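Chain and residue survey
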Amino acid sequence: MPSSPPTPLRCPVCGAPLQPVDGPGAPQRALVCASGHSFDAAKQGYYNLLVGKGTVFEADSARMVASRFDFLDAGHYRPLAEAVAAAVAPLLTRRGGFTILDSGTGTGQYLRVVLDEVSRRGATCTALALDISKFALRRAARLNPEAICLACDVWQPLPIADAAVDAVTVIFAPRNAAEFARVLRPGGRLIVVTPRAGHLAAVAARTGMLGIAEDKDTRLAESLSGHFVADTVRDLDIGMMLTPGEIADLAFMGPAGHHLDRAALVSSLGTGGGATAVEARFRISVFRRATAAS
C-alpha cells in the first residue's frame, strides 16, 4: 500500500511518527505509526486523535457550527482573514516547505484564506488544522482538503513533533503556550486574534454575548509569559450592517451559543425592519518564542 510524504505528526499514544497511508480509491485513509497504532479517516475527511477519555471540554454543536459557517461565508469577517494571511506571509520564505498549525480551526474559513495566499505566492505548505468539534471539522476538511484536519484537545500534548511548525494561528480559541512553543521552530511565530473593548457593543447586550474584559491584553500576555514575547500588534475594525438573522448567527456561533435558544433569540430580534450597524474590533498579536533570536 503506497504511503504519503512524511508529516510532522506524532502518535498520541506512543509518540512515534505518524504517517498518512493511502487506501484504494481514496487518499490518506489512515494515520499509522510504526508501533501499529492506527487512526482511520472519518468519511468526512478528518482524523480523531482524541485518545483515552477524549476531552472534558464542550465542543461546538452542529447548530453553532452552521451559524458560524453562514456568517463567515457571507464575508463579514473577510478583512480579518486577510489580515491573518498578511501576518503569516512573511514566514513563507522558509526553504524546504512551510508548515502551519491552525489551532481551533473551526469551520476552516480563516485557514482557507491563508492557504490561498500561500498558493498565490507559490509556496509549499503543510497545513495542520485542530479542533474538538466533529461538526466543525467536517466542514473544515471539506473546505480545506489539502490540510490534515485533526480532532484534538489543545490542553493535551499536541500530536506534533518538536520544532516542526513555522506558524501557529489561534483565532478566538484557547492557547496552550507551552505546547505552541514546543512545536514552533526557531524563528516561528504565534499569531493570536482577540476581540478589543467595544467589540460588537451595539448588539452584545441584546444577544447575551459575553463582554470583553478590560484586562484582556494583560491576561493574554500573562498566559504566554515565559514562552513567548510580543513581536507586532495590529488593530482592525470592521463595520457591518447586519440583519436580525445575521445578528443571531453572530451570537450563536460563539461561546454564548452553548446556552442560547436560537429560535427565541431570532424571535426577540424580530424578522422585519432594517439592518443594524455593528462594529467588530479585533487585535492581531504576533509573538515569537522567548528563547528564539529576534
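Along each chain, numbering runs from 1 in the same order as the chain's sequence is written. Residue-level local features of this predicted model are given only where pLDDT is at least 70; pairs of side-chain atoms are given and counted only at 80 or more, and the full residue set underlies all totals for whole chains, interfaces and linings. Side-chain measures here rest on the full set of heavy atoms in the structure, leaving out hydrogens and waters.

**Examining the overall build of the protein chain**
Here a strand is any run of E in DSSP of at least two residues, a helix any run of H or I of at least four, and the numbering for each starts at the N terminus. In terms of regular secondary structure, the protein chain is built from 9 helices and 11 strands. On C-alpha atoms alone, the protein chain measures out to a radius of gyration of 19 Å, which is about the 19 Å that the 2.2 N^0.38 rule sets for 294 residues. C-alpha atoms of the protein chain, sized along the principal axes, occupy 60 × 45 × 40 Å. Counting all 294 residues of the protein chain, 51% fall into the buried class. For a compact globule the rule gives 2.2 Å times the number of residues to the power 0.38, and the radius of gyration it is set against comes from C-alpha atoms. Think of it in three bands: with a 1.4 Å probe and only protein chains considered, a residue is buried below 20% of the maximum accessible area for its type, exposed above 50%, and partly exposed in between.

**Here's the deal with the environment of Met241**
With respect to the helices, strands and loops of the structure, Met241 is situated in strand 10 (residues 228–242). Since its relative accessible area comes to 53%, Met241 is described here as exposed. For the pair Met241 and Thr218, spaced 23 residues apart in sequence, the C-alpha separation works out to 31 Å. Every residue pair with non-hydrogen atoms within 4.5 Å of one another is taken to be in contact. Leaving out residues up to four positions away in the same chain, Met241 has contacts with Glu246, Ala275, Thr276 and Ala277.

**Concerning the environment of Asp217**
Looking at the element boundaries, Asp217 is found in helix 7 (residues 216–224). Assessed through its relative accessible area of 37%, Asp217 is described here as partly exposed. Asp217 sits 66 residues away from Arg283 along the chain, and the two C-alpha atoms are 9.3 Å apart. Among the polar contacts listed, one links the side chain of Asp217 to the side chain of Arg283, at a separation of 2.2 Å. Here a polar contact means two N or O atoms within 3.5 Å. Within protein one must be a hydrogen donor candidate and the other an acceptor candidate, and residues neighboring in sequence count only if both atoms are side-chain atoms.

**What to know about the environment of Gly187**
Looking at the element boundaries, Gly187 is found in strand 9 (residues 184–195). Sequence separation between Gly187 and Ala167 is 20 residues, and the spatial gap between their C-alpha atoms is 9.2 Å.

**Some words on unusual backbone geometry**
Excluding glycine, a negative phi dihedral is what most residues carry, and trans is how most peptide bonds are arranged. Backbone geometry places Phe172, a non-glycine residue, at a positive phi of 55 degrees. Within the element layout of this structure, Phe172 appears in the loop between strand 8 (165–171) and helix 5 (177–183). Judged by its relative accessible area of 40%, Phe172 is partly exposed. Even without a glycine there, the phi angle at Leu200 is positive, about 55 degrees. Inspection of the secondary structure puts Leu200 in the loop between strand 9 and helix 6 (201–207).

So, to be careful, I would describe these as geometric facts and stop short of saying anything about function.
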